[in-house]
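# Topology and contacts: notes
The chain contents come next:
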Amino acid sequence: MLHLLYARFFTRAMKKAGDVTMDEPFAGLFTQGMVCHETYRQNSGEWLLPEDIEKRNGQAFQRGTNTPVVVGPSEKMSKSKKNVIAPEHIIDAFGADTIRWFMLSDTPPERDIEWTQEGAEGCWRFVQRIHRLVTDAASLPAIGTPLPARVDGAALELRRACHRAIAAVTDDLNGLRFNRAVAAIYTLANAIGTAGAVDGAVRREALETLVLLSSPMMPHLAETAWEALGHETLVATAHWPAADKGLVISDTIKIGVQVNGKLRGEIEIPREAQEDIVKTMALSLDSVNRALDGKPPRRVIVVPGRIVNVVA
């Protein structure tokens with residue numbers, strides 16, 4: 001708060017000098033949500049710290065005793081109600097990257113966030129997963145090895161997942177949608193973990209992208225992983241990856257099929273499929289045939305790229 005007061009004082013002084021035309025130091029200010037936690041009280045009404053509580057069989061007790069504790073609603077952390085978590089303890093247990101990752105991943109930044117031990121532990125496991133993906137990568141080709149001229153199968157799907165993640169994370173970070181950016185990174189990590197045996201240059205591209213995209217939120221992990229991939233420079237000085245639009249857009253799309261306004265299923269079609277092909281695929285669905293009860297449809301309306309409406 002003090003730095004904001006200084007900024008306002010400075011802005012007003014500059015305004016008097018004719019150098020600033022705004023009343024406030026910011027044209028727009030993004031307001032973040034609060035960090036919240038359960039509250040705990042003794043029967044006497046005295047507040048207790050979370051570190052003084054242990055839970056057994058769904059009940060809360062004072063640590064080391066059988067004295068029950070009243071668990072209150074989740075409220076913003078405050079010293080008066082003692083529902084605070086010392087960051088030093090979390091950093092010692094999980095590292096600073098885990099705290100950052102959890103606070104960015106749990107909810108949109110403008111909303112309140114519920115701090116939970118389980119959530120922090122889940123984020124810590126993901127930190128370990130990224131480290132394993134990087135350090136377990138066997139026989140990666142040298143940095144700068146060109147990608148093969150043609151990829152297909154699992155390698156193509158991994159490249160698509162990689163570039164979709166680049167596009168999504170870039171857009172979400174620019175829009176302050178940090179939780180959605182985190183979700184896209186989870187998706188990329190899953191794609192790498194399930195890709196199986198693919199070309200080494202393709203795997204290197206995916207791993208390097210995973211590290212680069214996670215670096216704004218987990219800088220310590222990113223630097224360690226970047227070095228493990230063979231880089232001698234800092235990831236902080238590396239160029240942000242650019243998405244290949246040809247890989248972001250899939251060759252196929254999924255669209256829903258309705259019968260008399262009720263969704264009966266979906267079909268996966270080539271992106272540029274002709275209308276008669278889309279109609280044939282929609283009418284071949286068993287769920288659509290059951291809804292038609294053996295009768296021919298009166299009309300089949302195709303909304304390109306969105307949905308097929310069958311009128312019985």
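Cut-offs applied
- For every chain, the first residue of the written sequence is number 1, and numbering continues from 1 along that sequence.
- Totals for whole chains, interfaces and linings use all residues, but because this is a predicted model, local features are given only for residues with pLDDT of at least 70 and pairs of side-chain atoms are given and counted only at 80 or more.
- To get the side-chain values, all heavy atoms of the structure are used, and hydrogens and water are removed first.
- We call Phe, Tyr and Trp rings a pair once their centres come within 6.5 Å, taking the six-membered ring for Trp, and we label the pair stacked below 30 degrees between planes, edge-to-face above 60, and tilted otherwise.
- Comment: elements are numbered from the N terminus, with helices defined as DSSP H or I runs of at least four residues and strands as E runs of at least two.
- Note on exposure labels: buried denotes an accessible area under 20% of the residue type's maximum, exposed denotes more than 50%, and partly exposed covers the range between, all computed with a 1.4 Å probe on protein chains only.
- For a lysine, the NZ atom is tested; for an arginine, the CZ atom; a charge sits over a ring if that atom is within 6 Å of the ring centre and within 35 degrees of the ring normal.
- The definitions used throughout rest on a 1 Å grid laid over the protein atoms alone, on which a cavity is an enclosed set of points accommodating a 1.4 Å probe that cannot get out and a pocket is an open set flanked by protein within 12 Å on both sides along at least five of seven lines; lining residues are those having an atom within 4 Å of a point.
- Grid points are joined across faces, edges and corners, and a volume is the space filled by probe spheres set on the points.
- Amino acids outside the nonpolar list (Ala, Val, Leu, Ile, Met, Phe, Trp, Tyr, Cys, Pro) and the charged list (Asp, Glu, Lys, Arg) are all regarded as polar, and Gly is one of them.
- Fitted lines through C-alpha atoms give the axes, limited to the stretch in contact for helices. The angle between two N-to-C directions lies from 0 to 180 degrees.
- Should an angle fall under 35 degrees it is called roughly parallel, over 145 degrees roughly antiparallel, and 65 to 115 degrees roughly perpendicular, with every other angle called oblique.
- In what follows, residue pairs with any heavy atoms lying within 4.5 Å of each other are defined as contacts.
- Pairing between strands requires that DSSP locate at least two bridges from one strand to the other.

Counting across every chain of the model gives four aromatic pairs. Judged by centre distance (6.2 Å) and plane angle (55°), the rings of phenylalanine 94 and tryptophan 124 are tilted. Of this pair, phenylalanine 94 sits in helix α2 (residues 87–94) while tryptophan 124 sits in helix α4 (residues 117–135), placing them 30 residues apart in sequence. According to the relative accessible area criterion, phenylalanine 94 is buried, its value standing at 16%. The ring of tryptophan 47 carries arginine 41 above its face, with NZ or CZ at 4.1 Å from the centroid.

This part takes up the layout of surface pockets. Size it by volume and the largest pocket reaches roughly 540 Å³. Taken together, 22 residues line the largest pocket, and the ones lying closest to its centre are His37, Tyr40, Pro50, Ile85 and Gln117. At the level of elements, β1 (35–41), β3 (53–56), α2 and α4 are the ones that each hand at least two residues to the lining of the largest pocket. Counting residues per element, the lining of the largest pocket draws most heavily on α2, which supplies four residues. Grouping the amino acids of the lining of the largest pocket by side-chain chemistry returns ten nonpolar, four polar and eight charged.

Here we come to the packing of α4 against helix α8 (residues 219–228). As a packed pair, α4 and α8 sit with axes 9 Å apart at the nearest point and diverge in direction by 10°. Considering their axes alone, α4 and α8 lie roughly parallel with respect to each other. Contact with α4, carried on its side by Val127, Ile130, His131, Val134 and Thr135, involves Leu221, Thr224, Ala225 and Ala228 of α8 and no other residues of that element.

Across the sheet, which stays open at both edges, the four strands sit in the order β8-β7-β10-β9 with mixed pairing between neighbours. The open sheet has two free edges, formed respectively by β8 (262–270) and β9 (299–303), since each of these has just one partner strand. Taken over all neighbouring pairs, the strand axes of this sheet differ in orientation by 20° on average, direction set aside. With five bridges connecting them, β9 and strand β10 (residues 307–311) associate as antiparallel partners. Within β10, the residue paired with valine 300 across the bridge is valine 310. Packed on one face of the sheet, helix α10 (residues 275–283) meets β7 (252–259), β8, β9 and β10 and runs near 130° to β8.

For the rest of this paragraph, the subject is the pairing of β10. Only one face of β10 is covered, namely the one carrying Val308 and Val310; the face carrying Ile307, Asn309 and Val311 has none of its residues buried. As paired elements, β7 and β10 share four bridges and run parallel to each other. Across the sheet, glutamine 258 pairs through a bridge with asparagine 309, a residue of β10. Between β9 and the antiparallel strand that follows it, β10, lie three residues; glycine 305 among them carries a positive phi value of about 75°.

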